[in-house]
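Notes for the structure review
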Amino acid sequence: RRQQARIQFAAASGGAFTTLRAVPLAGPRCYFDVQQRFPASGRVRLAWAYPHGPTVFSRVVDITLR
């Protein structure tokens, strides 16, 4: 199964995280660089699933659109 990182967003008013984009990864020790538009101010995190294990999440970052 090809690995991917998911960019997830939650609105500033609360609510659950939803996936905005799945980014395919070239290998287990790679990085990615993408441009992403967000629908509103809120919170962002990354989600990644180990090939045979649990999903892990990055720290949550608050964003503000102007």
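Residues numbered from 1 in each chain as written. Predicted model: local features only at pLDDT ≥ 70, side-chain atom pairs only at ≥ 80, totals over all residues. Heavy atoms only, no water.

Mapping arginine 66 onto the fold places it in the segment after strand S5 (61–63). The spatial distance from the C-alpha of arginine 66 to the C-alpha of alanine 40 is 9.2 Å, given a sequence separation of 26 residues. (Helix = DSSP H or I, 4+ residues; strand = E, 2+ residues; numbered from the N terminus.)

Bringing the pairing of strand S1 (residues 4–11) into the picture now. The side chains of a regular strand alternate, residue by residue, between the two faces of the sheet. In this sheet, strand S2 (residues 18–24) lies alongside S1 in antiparallel orientation, the contact comprising six bridges. By the bridge assignment for S2, phenylalanine 9 is matched with threonine 18. Adjacent in sequence and paired antiparallel, S1 and S2 are bridged by six residues, among which glycine 14 carries a positive phi angle near 110°. Looking at chain direction, S1 and strand S3 (residues 42–49) are connected through seven bridges and run antiparallel. Along S3, the bridge assignment pairs alanine 10 with arginine 43. (Pairing = 2+ DSSP bridges.)

In this section: the side chain of arginine 45. With respect to the helices and strands, arginine 45 occurs in strand S3. Within polar-contact distance, the side chain of arginine 45 engages the side chain of glutamine 8 at 2.7 Å. When sequence neighbours within four positions are dropped, the list of residues in contact with arginine 45 reads Arg6, Ile7, Gln8, Phe17, Phe57, Ser58, Arg59 and Val60. (Polar contact = N/O pair within 3.5 Å; in protein donor to acceptor, adjacent residues only side chain to side chain. Contact = heavy atoms within 4.5 Å.)

For the structure on display, the rule yields one aromatic pair. Here the guanidinium or amino end of arginine 45 rests over the ring plane of phenylalanine 17, the centre of that ring lying 4.0 Å away. Arginine 45 extends its terminal NZ or CZ atom over the ring of phenylalanine 57, reaching a point 4.0 Å from the ring centre. (Phe/Tyr/Trp six-rings, centres within 6.5 Å; stacked < 30°, edge-to-face > 60°. Lys NZ or Arg CZ within 6 Å of the ring centre and 35° of its normal.)

Any functional reading would require information that these geometric values do not contain.
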